[in-house]
Structures are given as C-alpha cells and as structure tokens.
Amino acid sequence: EEWRRVNGKHVGAWVRAVGEFEALSSLASLKFEHPEWTFPILLDDSEGRFEARALQHPLMSSARCVANDVAIGGNPRLLIVSGSNMSGKSTLLRSVGLNAILAWAGGPVAAKQMTISPLHVGASVRVVDSLQDNRSRFFAEITRIREIVELAYSAPVLFLLDELLSGTNSHDRRIGASGVVRALVDAGAIGLITTHDLALASIEQDLAPAAANVHFDDRIVDGRIEFDYQLQPGVVTRSNALELMRAIGLHV
C-alpha cells in the first residue's frame, strides 16, 4: 500500500511511455520488413495535397499488388473512380487512406514516393445496416457522410467515399452525390469517390476543373474475366456484372 501511495500516480505516465516505445518499435519493424517502402514528405500547409507514385495497399504482398500513381490537390481536388466489379476501386480507396494514416503516424508508406499535407481521413467504406440501432445501410451512410462534411468545415480532410449513396435510386443519388462532393470541395477537402452508377461521372462537368474521372477496366479472355488493376483516365465504358453472374453458374 505504501508503494501504491508513492508510485501509483506515476503508473499512467509509465504505461504511456511503454505504449510509445511499442508504437515506435512497430513502425521501425514495418520499415525493416519492407525496405522498399519510403518515408513520405510531410508538408506544413493547409491547402490539401496527396501525391503518391507507385502507391500500393500496405497489407498486400508487393508481388501481387499492382501499384498506381495518385495525385489530388490543387486541380483536381476530387477523383471520381468508376469501374466494374472487383476491378480495384475499393482497394484504391483503402490504399490511399491507410498510407495517409501511416504517413502522419511517422511510419513508412507503401509507395516509391509520397507527398502529403496535414489531413484528417474521413472514410465511408463498408458501411453496414444495424438491426440493434434500427438503421438502414443508407441511413448509416448518410450519417457518416454528414460527420465527414462537418469535419471538413473545421479541419483539412481527405475523404474516401465508397459506392457513394448506392442505397437509393439513380435520380436521388445523382443529385445527392453532387451536393455532397460540392460541399466537401467548397470546404477545402480533397478526396476520392467510387461508383458503379455512370451518371455520377457527370459530376466532373459540374465541378470542373476541381474534379476528374478515372477508372479501372477489365477484359474477357477465353471466357474468363481478367483485370489489370491499372488506374486510367476517363470513365469506364463497360460493365462485367452479367459476365460475373454467368461465371459462377447463374443463367442470365
């Protein structure tokens, strides 16, 4: 009890110090295990900038992961990513978000080169419904988006919105998505959205030159769908949903 009386007040600081050592050790181990990764250039500005050359997903093997160049900030401030199923849209968003967090944690990033300004990551990825909270997937998504928009008006934000407003009809999605991204861009945020709905690609015209369309594509080879996972400019021109359904035995 005497020891607790004298030293108890110090235990919190000890635990924090041990935690910091563990975090630094983990980041050092990450660099040791991935010598090809680099440390990013951290900018001291509030303009909002994310540029990466040969960006990869940190949790994927370098032998399997296809690297892509990503640049947002200035113009364009928004990338609208279209593409077919399984082509790499969501993986791109996760790659950007995870590497942004690694960068400002003081760690290495899975890229050959990366430059980033101070940014809070606001993500709406894999949002699900909740029976317990009586919330539909769409309501959960718009609640998350509202939080991201509110954050953007108080801090620099990198937003990552996967399949934006996919839980509603095409007409409402087009109007709602355009309003959301305009609010984010007007607030000074930068980011990416993904979509299967090619109607959203017209947002580029509404926000030009602050927005640009990019896409992932696929091709059919001997009845099989093949992906190159390479980010390309412009809007995707085809869909693979029916081919995927047929590939698993659904007759459509």
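Here, every reference points to the structure presented above.
This section reports on the structure supplied with the text. (Residues numbered from 1 in each chain as written. Predicted model: local features only at pLDDT ≥ 70, side-chain atom pairs only at ≥ 80, totals over all residues. Heavy atoms only, no water.)

**Quick word on the nonpolar core**
Link 1 in the chain: Formed by 30 residues in total, the largest nonpolar core has its most connected members in Phe50, Val96, Leu158 and Leu192.
Link 2 in the chain: Of all the elements, helix α3 (residues 89-105) adds the most residues to this core, at 6 residues. (Core = buried A, V, L, I, M, F, W, Y, C linked by side-chain atoms within 4.5 Å. Buried < 20%, exposed > 50% of the residue type's maximum accessible area, 1.4 Å probe, protein only. Helix = DSSP H or I, 4+ residues; strand = E, 2+ residues; numbered from the N terminus.)

**Here's the deal with the pairing of strand β6 (residues 120-124)**
Link 1 in the chain: Examined bridge by bridge, β6 and strand β7 (residues 157-161) share 5 bridges and lie parallel to one another. The residue of β7 that forms the bridge with Gly122 is Phe159. (Pairing = 2+ DSSP bridges.)

**As for the sheet that holds strand β8 (residues 190-195)**
Link 1 in the chain: Strand order in the open sheet formed by 6 strands is β6-β7-β8-β4-β9-β12, and the pairing between neighbours is mixed. The sheet is open, and its two edges are formed by β6 and β12 (232-233), each paired on a single side.
Link 2 in the chain: Note: strand β9 (residues 211-216) against β12, 2 bridges, orientation antiparallel. Residue pairing in the sheet places Val214 in a bridge with Pro233 of β12.
Link 3 in the chain: Across the sheet, helix α4 (residues 137-152) touches β6 and β7, and the angle it forms with β6 is around 160°. (Contact = heavy atoms within 4.5 Å. Axes fitted to C-alpha atoms, helices over the stretch in contact; angles between N-to-C directions.)

**Structural notes on the sheet that holds strand β5 (residues 113-116)**
Link 1 in the chain: As summarised here, the arrangement of the 4 strands in space is β1-β5-β2-β3, forming an open sheet in which the pairing is mixed. Each having just a single partner strand, β1 (41-42) and β3 (68-72) make up the two edges of the open sheet.
Link 2 in the chain: Where strand β2 (residues 50-55) lies against β3, 4 bridges are found, and the strand directions are antiparallel. By the bridge assignment, Phe50 is partnered in β3 with Ile72.
Link 3 in the chain: Its contacts with the sheet put α3 on β1, β2, β3 and β5, and the angle it makes with β5 is roughly 75°.

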